[in-house]
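# Results of the structural survey
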Amino acid sequence: MLCGRQYTQKMIQRLGKFSQRLMALSQARARSRLGFMMGAVVFSWDRDRITEDDLQNVIDDMDHIQHQCDADKKYEHYMDTWELIIDKEHLKLWRKPLPSSDLYEYKVYGTFYDIPPTAFFMVQIDCDYRKQWDKLVIDLDVIAKETEDEAGSEVIHWVTHYPFPMYSRDYVYVRRQRVDYEKKVMVLVARSVEHPLCPVNDQYVRVSQYISEMVIQPHGEFEENGFDYTLTYYDNPQAPFPTPAYYWMAKKRCP
């Protein structure tokens, strides 16, 4: 009996030590995962904001496209690396393969005559209004702002339906817009980022590669009908067929 009792006590002590080691290992792993997650999702306005140069580069891109046929031929070969796949009077669509990928980046140059530039621009930036007209939207919210006014960048979380049986997709991106009344252009730039307020979860498939760059140039005043626009777009929806954005751009002539 004495030997049995001592054996049992030793086993209890060993089990206790093993349990403590297991608990310590579990806690260490949990801290490691938390540290990894915190380290992976790092956002910085200094690094991730849309800059003035970013906006100007997109405006310059539209200018170069419009002047490809100028007599000085300065931008004659500007679009040589792009494949023209739709060529209509008021709509041109190019695509360019992305390096080391079977995906494409798309660029649209188009014209509307019956819509005011301001209305078209507001449709792009008004999250609440998009929730009304875009039936694919599950959620679309501004989650962070660089400044209180509209001059700085902001971070958007966008969740959208995808065709059954695929999971819905979600995007986290930083965007910035500017209206230049002197040059008479509107510009909107967005690109994917990581943000700690929107970590990846199992409910949606995160689209981690996304770029959208738009310039709107009125024919007259901002409130009058008629404008030209360019849109450069790319995302990786992690789907076995081209992104719906392509069909939307090609058929509807807007993003």
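Look up: the structure comes first, before these words.
Conventions adopted
- Residues numbered from 1 in each chain as written.
- Predicted model: local features only at pLDDT ≥ 70, side-chain atom pairs only at ≥ 80, totals over all residues.
- Heavy atoms only, no water.
- Phe/Tyr/Trp six-rings, centres within 6.5 Å; stacked < 30°, edge-to-face > 60°.
- Helix = DSSP H or I, 4+ residues; strand = E, 2+ residues; numbered from the N terminus.
- Buried < 20%, exposed > 50% of the residue type's maximum accessible area, 1.4 Å probe, protein only.
- Lys NZ or Arg CZ within 6 Å of the ring centre and 35° of its normal.
- 1 Å grid on protein atoms, 1.4 Å probe; cavity = no way out; pocket = protein on both sides within 12 Å on 5 of 7 lines; lining within 4 Å.
- Points joined across faces, edges and corners; volume = space filled by probe spheres on them.
- Nonpolar A, V, L, I, M, F, W, Y, C, P; charged D, E, K, R; others polar.

## Details of the packing of aromatic side chains
This structure, assessed with the given rule, holds 16 aromatic pairs. Taking the centre distance of 4.9 Å and the plane angle of 40 degrees together, the rings of Phe120 and Phe227 count as tilted. Taken together, the positions of Phe120 in helix α4 (residues 117-125) and Phe227 in strand β10 (residues 227-235) put the pair 107 residues apart, joining distant regions of the chain. Comparing Phe120 with Phe227, the two get one shared label, buried. Geometrically, the ring pair formed by Phe227 and Tyr229 is tilted, given 6.3 Å between the ring centres and 55 degrees between the ring planes. One aromatic cluster is present, built from ring pairs that chain together Trp158, Tyr171, Tyr173, Tyr210 and Tyr233. We note Arg95 situated over the ring of Tyr104; from NZ or CZ to the ring centre the distance is 4.1 Å.

## Here's the deal with empty space enclosed by the protein
Tallying each qualifying case throughout the model produces 1 cavity of 30 Å³ or more. Put simply, the largest cavity is a space of about 50 Å³. Lining the largest cavity, in full, are Lys145, Glu146, Thr147, Asp149, Glu150, Gly152, Ser153, Glu154 and Gln177. Across the lining of the largest cavity, the residue classes tally to no nonpolar, 4 polar and 5 charged.

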